[in-house]
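These are the residues of each chain, in order.
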Amino acid sequence: MSVHFKKLALIGIGLIGSSIALAARRQGLVEVISIATRRQETLDEARELGLGDIYTLDAAEAVRGADLVILDINLPGKDGLEVLKNLRSRGDNTPVLLLTARGETKDRVTGLDLGADDYLVKPFEAEELEARVRALARRRNTDGGTLIKVGKLQFDRGARRLFRDGMAMELPRRELAVLECLIDRRGQLVPKRTLADHVYGLGTEIEEKVIEIYISRLRKRLEGHGLKIRTARGLGYYFEETE
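Just so it is clear, the model here is predicted, and its values are computed rather than measured.

Visitor: It is not clear to me how the overall build of the protein chain should be interpreted in this structure. Could you clarify?
Guide: Tallying secondary structure elements over the protein chain gives nine helices and 15 strands in all. Here the C-alpha radius of gyration of the protein chain, 19 Å, is about what a compact globule of 243 residues would show, namely 18 Å. Taking the principal axes of the C-alpha coordinates as reference, the protein chain spans close to 60 × 35 × 35 Å. In the protein chain, which comprises 243 residues, the share counted as buried stands at 47%.

Now the structure itself:
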């Protein structure tokens, strides 16, 4: 994997976390590995193995300055979703990849709704983890905080906010995710499956009708803004500027 992160934060270090840290260290993918866990004995074991550079019982401290957070939902003594919720409530938009043994779709959706960028269900193959990290890295590398002009609107990629004449337009998180995916591929055919993967994570079993509902809502919101979502029946959508 050719992706390079300056700082990787691992929250909830277990066998999987240890293997991630060792692989990242061997392949030279990160400069600094920050490890947080709720158990001092686990932290001591991680230190003895030389898995990281920073060892802490405080998740917030571990995340500070990170380029990517890999967060295990099943933390001892605390739900990892609470860590995620606190992270986002502070306005921290660091990309978060959730690790979960919870196979229910509702649990994965809860994590995404709280602000996770992607998830992996345990157990998983190393190749899949690397693919998802690469995808998050590509997204990070295009997040320059600059405004992208689309029609009469401006999209702040870094803040993930939409503006019209300097005034923010508030969109529900999932609708904004659909719009972000369309903006990235404007002028191109965007399959419903691509939109679903962007909103819910790769391979999530979501009915296409859900995406159709988001598209319908976005069409109404975009009226009068010089933008159009055109349907390619049976194939997907085109996002186009009309002015």
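Visitor: How should I be thinking about the packing of helix H8 (residues 192-200) against helix H9 (residues 208-222) in this particular structure?
Guide: Two numbers describe a pair of packed helices, the interaxial angle and the distance between the axes. Contact geometry of H8 with H9 gives a least axis separation of 10 Å together with a crossing angle of 85°. Our classification of the angle between H8 and H9 gives roughly perpendicular. Contact residues: H8 offers Lys192, Leu195, Ala196 and Tyr200, while H9 offers Glu208, Val210, Ile211, Glu212, Tyr214 and Ile215. In the contact of H8 with H9, the residues fall into seven nonpolar, no polar and three charged.

Visitor: Please explain H8 as it appears in this structure.
Guide: In an α-helix, one full turn covers 3.6 residues, which means residues spaced three or four apart are oriented alike. All buried positions along H8 are accounted for by Lys192, Leu195, Ala196, His198, Val199 and Tyr200. Viewed along the axis of H8, the buried residues span an arc of 170°, placing them on a single side of the element. Gly201, located one to two residues past H8, shows a positive phi value of around 105°.

Visitor: What exactly am I supposed to notice about the sheet that holds strand E13 (residues 189-190) here?
Guide: By way of backbone hydrogen bonds, the strands of a sheet pair with one another, either parallel or antiparallel. Spatial strand order, E13-E15-E14: three strands in an open sheet with antiparallel pairing. Among the strands making up the open sheet, the edge pair consists of E13 and strand E14 (227-232).

Visitor: What exactly am I supposed to notice about the nonpolar core here?
Guide: Side chains that are nonpolar tend, in soluble globular proteins, to be buried together. Core analysis: the largest hydrophobic core is formed by 49 residues, its most contacted members being Ile11, Leu71, Leu98 and Leu195. With seven residues, helix H7 (residues 173-184) is the single largest residue contributor to this core. Core analysis: the second largest hydrophobic core is formed by 25 residues, Ile13, Val30, Ile35 and Leu136 among them.

Visitor: Which parts of the structure should I look at to understand the sheet that holds strand E12 (residues 167-169)?
Guide: On the basis of which strands lie adjacent, the open sheet formed by four strands has the order E9-E10-E11-E12 and antiparallel pairing. Edge positions in the sheet fall to strand E9 (147-150) and E12, since each of these pairs with one other strand and no more. Taken pair by pair, the neighbouring strands of this sheet meet at an average axis angle of 35°, ignoring direction. Strand direction decides the pairing type here: E9 and strand E10 (residues 153-156), joined by four bridges, are antiparallel. When the bridges of E10 are listed, Lys149 appears paired with Gln154. H7 contacts E9, E10 and strand E11 (161-164) of the sheet and is inclined by roughly 100° relative to E10.

What counts, and at which threshold
- Residues numbered from 1 in each chain as written.
- Predicted model: local features only at pLDDT ≥ 70, side-chain atom pairs only at ≥ 80, totals over all residues.
- Heavy atoms only, no water.
- Helix = DSSP H or I, 4+ residues; strand = E, 2+ residues; numbered from the N terminus.
- Rg over C-alpha atoms; globule rule 2.2 N^0.38 Å.
- Buried < 20%, exposed > 50% of the residue type's maximum accessible area, 1.4 Å probe, protein only.
- Axes fitted to C-alpha atoms, helices over the stretch in contact; angles between N-to-C directions.
- Parallel < 35°, antiparallel > 145°, perpendicular 65-115°, else oblique.
- Contact = heavy atoms within 4.5 Å.
- Nonpolar A, V, L, I, M, F, W, Y, C, P; charged D, E, K, R; others polar.
- Arc of directions from axis to C-beta.
- Pairing = 2+ DSSP bridges.
- Core = buried A, V, L, I, M, F, W, Y, C linked by side-chain atoms within 4.5 Å.

Remember, this is a structural readout, not a statement about activity or role.
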